Amino acid sequence: MKFTKTTVTNLLKGENGTYYLRVRVSGKLIWRSLETTTFSVAKLRLADKVAELRSAVGAAHAESDVSPKTTFSEAMELYKAEIKAHPRLKPRAKEFRLRSELTLRRTWPSIFDMELRRITPEACKVWLARFENGGSKFVPPRAVKARRGNSPTTVNAVIAFLRHVFDVGVKAGLIYRNPGKALMRKSPTKKLLRLPNRTQFAKVVAHIRVQAGWGPAASNLVEGLAYSGMRIGEARKVCWEHIDFEKGLLTIPGEKTESAPRIVPMTPAFRTLVEKMRGTAAPANDAPVFRMQTALGSLATACQVVGVSHMTHHDLRHLFATTCIEAGVDIPTVSLWLGHADGGALAMQTYGHIRPEHSAEAAKKVSFAPPAK
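Residues numbered from 1 in each chain as written. Predicted model: local features only at pLDDT ≥ 70, side-chain atom pairs only at ≥ 80, totals over all residues. Heavy atoms only, no water.

Caption draft 1: How the structure looks around the sheet that holds strand 9 (residues 262-265). The sheet built from 3 strands is open, its strands ordered 7-8-9 with antiparallel pairing. Edge positions in the sheet fall to strand 7 (243-244) and strand 9, since each has one partner strand and no second. Bridge analysis of strand 8 (residues 249-252) against strand 9 gives 4 bridges, and the strand direction is antiparallel. Within strand 9, the position partnered with Leu-249 by the bridge is Pro-265. (Pairing = 2+ DSSP bridges. Helix = DSSP H or I, 4+ residues; strand = E, 2+ residues; numbered from the N terminus.)

Caption draft 2: Structural view of the packing of aromatic side chains. Considering all chains together, one arrives at 12 aromatic pairs under this definition. Where Tyr-20 meets Tyr-176, the ring centres are 6.2 Å apart and the plane angle is 55 degrees; that geometry is what we call tilted. Within this pair, whereas Tyr-20 is found in strand 3 (residues 19-25), its partner Tyr-176 is found in the loop between helix 6 (152-171) and helix 7 (198-209), the two being separated by 156 residues in sequence. Assessed through its relative accessible area of 30%, Tyr-176 is described here as partly exposed. Taken together through their ring pairs, the aromatic side chains of Phe-3, Tyr-20, Trp-31 and Tyr-176 make up a single cluster. (Phe/Tyr/Trp six-rings, centres within 6.5 Å; stacked < 30°, edge-to-face > 60°. Buried < 20%, exposed > 50% of the residue type's maximum accessible area, 1.4 Å probe, protein only.)

Caption draft 3: Just helix 12 (residues 313-326), in detail. The first and last C-alpha atoms of helix 12 sit 20 Å apart over 14 residues, in line with the 20 Å expected at 1.5 Å per residue. Burial analysis of helix 12 places 12 of its 14 residues in the buried class, which makes it a mostly covered element. Immediately downstream of helix 12, the backbone of Gly-328 shows phi near 105 degrees, a positive value. (Expected span 1.5 Å × (residues − 1).)

Caption draft 4: Structural detail: the packing of helix 5 (residues 121-132) against helix 6. Direction vectors running N to C along helix 5 and helix 6 enclose 160 degrees, while the axes themselves pass 11 Å from each other. Here helix 5 is positioned roughly antiparallel relative to helix 6, judged by the angle of their axes. The interaxial crossing formed by helix 5 with helix 6 has right-handed handedness. Across the interface between the two elements, Cys-124, Trp-127, Leu-128, Phe-131 and Glu-132 from helix 5 touch Thr-154, Val-155, Val-158, Ile-159, Leu-162 and Phe-166 from helix 6. In the contact of helix 5 with helix 6, the residues fall into 9 nonpolar, 1 polar and 1 charged. (Axes fitted to C-alpha atoms, helices over the stretch in contact; angles between N-to-C directions. Parallel < 35°, antiparallel > 145°, perpendicular 65-115°, else oblique. Left-handed = near helix turned anticlockwise from the far one by under 90°. Contact = heavy atoms within 4.5 Å. Nonpolar A, V, L, I, M, F, W, Y, C, P; charged D, E, K, R; others polar.)

Caption draft 5: Spatial organisation of the side chain of His-318. With respect to the helices and strands, His-318 occurs in helix 12. For His-318, the residues in contact, after removing those within four places along its chain, are Leu-193, Leu-195, Thr-350 and Tyr-351.

Caption draft 6: Structural detail: helix 5. Taking 1.5 Å of rise per residue, 12 residues should cover 16 Å, and helix 5 covers 16 Å from first to last C-alpha, within 8% of that figure. Residues of helix 5 that are buried include every one of Cys-124, Trp-127, Leu-128 and Phe-131, and no others. The buried residues of helix 5 occupy one face: seen down the axis, they fall within an arc of 100 degrees. Those residues of helix 5 that are exposed and aimed more than 90 degrees away from the buried face are Glu-122 and Val-126. Where helix 5 is buried, its residues contact helix 4 (100-107) and helix 6. (Arc of directions from axis to C-beta.)

Caption draft 7: Structural context of the nonpolar core. Formed by 44 residues in total, the largest nonpolar core has its most connected members in Phe-201, Val-222, Met-230, Ile-243, Leu-250, Val-274 and Leu-316. In contact with Val-274, other than residues within four places in its own chain, are Trp-240, Ile-243, Phe-245, Met-266 and Val-289. In terms of nonpolar packing, the next biggest core, distinct from the first, is built from 32 residues, Val-66, Ala-75, Val-170 and Ala-172 among them. (Core = buried A, V, L, I, M, F, W, Y, C linked by side-chain atoms within 4.5 Å.)

Caption draft 8: Looking closely at the pattern of salt bridges. If you walk through the whole model with that rule in mind, you get 10 salt bridges. We note a salt bridge from Arg-99 to Glu-95, for which the minimum N-O separation is 3.9 Å. On the accessibility criterion, Arg-99 (41% relative accessible area) is partly exposed. Owing to a relative accessible area of 43%, Glu-95 belongs among the partly exposed residues under this scheme. Linking Arg-117 and Glu-115 is a salt bridge whose minimum nitrogen-to-oxygen distance equals 3.0 Å. Using a relative accessible area of 35% as the deciding quantity, one classes Arg-117 as partly exposed. Bridged by salt links that share partners, the residues Glu-77, Lys-80, Glu-101 and Arg-105 form one connected network. (Salt bridge = Lys/Arg side-chain N within 4 Å of Asp/Glu carboxyl O.)

Caption draft 9: Spotlight on the pairing of strand 8. Residues Leu-250 and Ile-252 point to one face of strand 8 and are all buried, whereas Leu-249 and Thr-251, pointing to the other face, are not buried. Direction of pairing for strand 7 relative to strand 8: antiparallel, over a ladder of 2 bridges. Residue pairing for strand 8: Ile-243 is matched across the bridge by Leu-250. Hairpin remark: strand 7 followed by strand 8, antiparallel, with 4 residues in the connecting loop; positive phi at Gly-248, about 70 degrees.

Caption draft 10: Region of the structure containing unusual backbone geometry. Here Asn-10, not a glycine, exhibits a phi torsion of approximately 75 degrees, which is positive. With relative accessibility at 26%, the residue Asn-10 sits in the partly exposed group.

Caption draft 11: Main features of the environment of Leu-11. Of note, Leu-11 is situated in strand 2 (residues 11-14). Leu-11 sits 12 residues away from Val-23 along the chain, and the two C-alpha atoms are 8.5 Å apart. If we skip the residues at most four places from it in the chain, Leu-11 touches Lys-5, Thr-6, Tyr-19, Tyr-20, Leu-34, Phe-39, Ala-42, Lys-43 and Leu-46.

Caption draft 12: Molecular detail of the confidence of the model for the protein chain. Overall, the prediction assigns the protein chain a mean pLDDT of 85, with 84% of residues at 70 or greater. Segment residues 58-64 is flagged for pLDDT under 50; beyond a separation of four residues in sequence, or across chains, it makes 9 contacts in the model. (pLDDT = per-residue confidence, 0-100.)

Caption draft 13: Representation of the packing of helix 7 against helix 11 (residues 296-306). Running from amino to carboxyl end, helix 7 crosses helix 11 at an angle of 125 degrees, the nearest separation of the two axes being 9 Å. Classed by the angle they form, the pair helix 7 and helix 11 counts as oblique. Crossing of helix 7 over helix 11 shows right-handed handedness. Here Gln-200, Lys-203, Val-204, His-207 and Ile-208 of helix 7 lie close against helix 11, whose contacting residues are Ser-298, Leu-299, Thr-301, Ala-302, Val-305 and Val-306. Within the contact of helix 7 with helix 11, the residues separate by chemical class into 6 nonpolar, 4 polar and 1 charged.

Following this line, the structure appears as structure tokens:
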């Protein structure tokens, strides 16, 4: 792209009409798009951006950390250090973000010794095509046979990893554009939920509850997840003080996103369950409602005995959402109950279908006969 100087120092105009900042900070020439085609707006943004860049000197990516010959491996170590020191990321989130290094070493080992500025978008595209269609195989969720290529989750995680590492060079002014931005994310495979019907689920719960010792507590957890839509981590945090029997409300101390903490109405089944669990003696407010931390083993055994597909804790969340939608609750409301922050987009994608028996009943209501006169 060609650039034209303006009357303002450090402000240039690209041939596409967009204004750009070009400034040298601590010996590095840094370019930034000001994301506007209006000269007056660009001048205002220029001063703020220059101040921001200069104040950032000596932060995570200082001049001594990044040189013109910085390799991908060296930039990656800076990114890894940044993630490990992140105060709000959970250990599992940090592990997920960084485990793509192993995938990259397996599929593109030569990139680690390449200088960051020498890696082109074209090279990234060639790697991605080989990665997606290569000899490695993966087993999709709930599938039996393995498929060639790699799962959308794995592909998209590595793309994100590449972009973050390249951003080290972009922030340091070593490269102007992030070559990882040219990579297209892989559309996620739509999950086909195989959930038990109400009769089957009742049998699963009944089998767990009659088991000696841990049976009742495990059954309480299974039912609690299915009747509330909570994540397993949220259920572990729920104490009796989070349940308002007078108003019929449940406070869920969410853990995954900022919108996860929420107050939802108790379904009749959930209220009946916790009332039985509370009994006549009032438990301490800070006492956990569910005594079991996991019910995976109980679920696996019960599903096998009843003859239904294997279920996980998260499948009970799917069961809650599906049952609510079948009962006539609109998807945006279900989305709020689940703690989603997207207004129902994910719920629509995941639960836009319904179980076969419910679908069959709905189909009977469809008529192509002409209206009666």
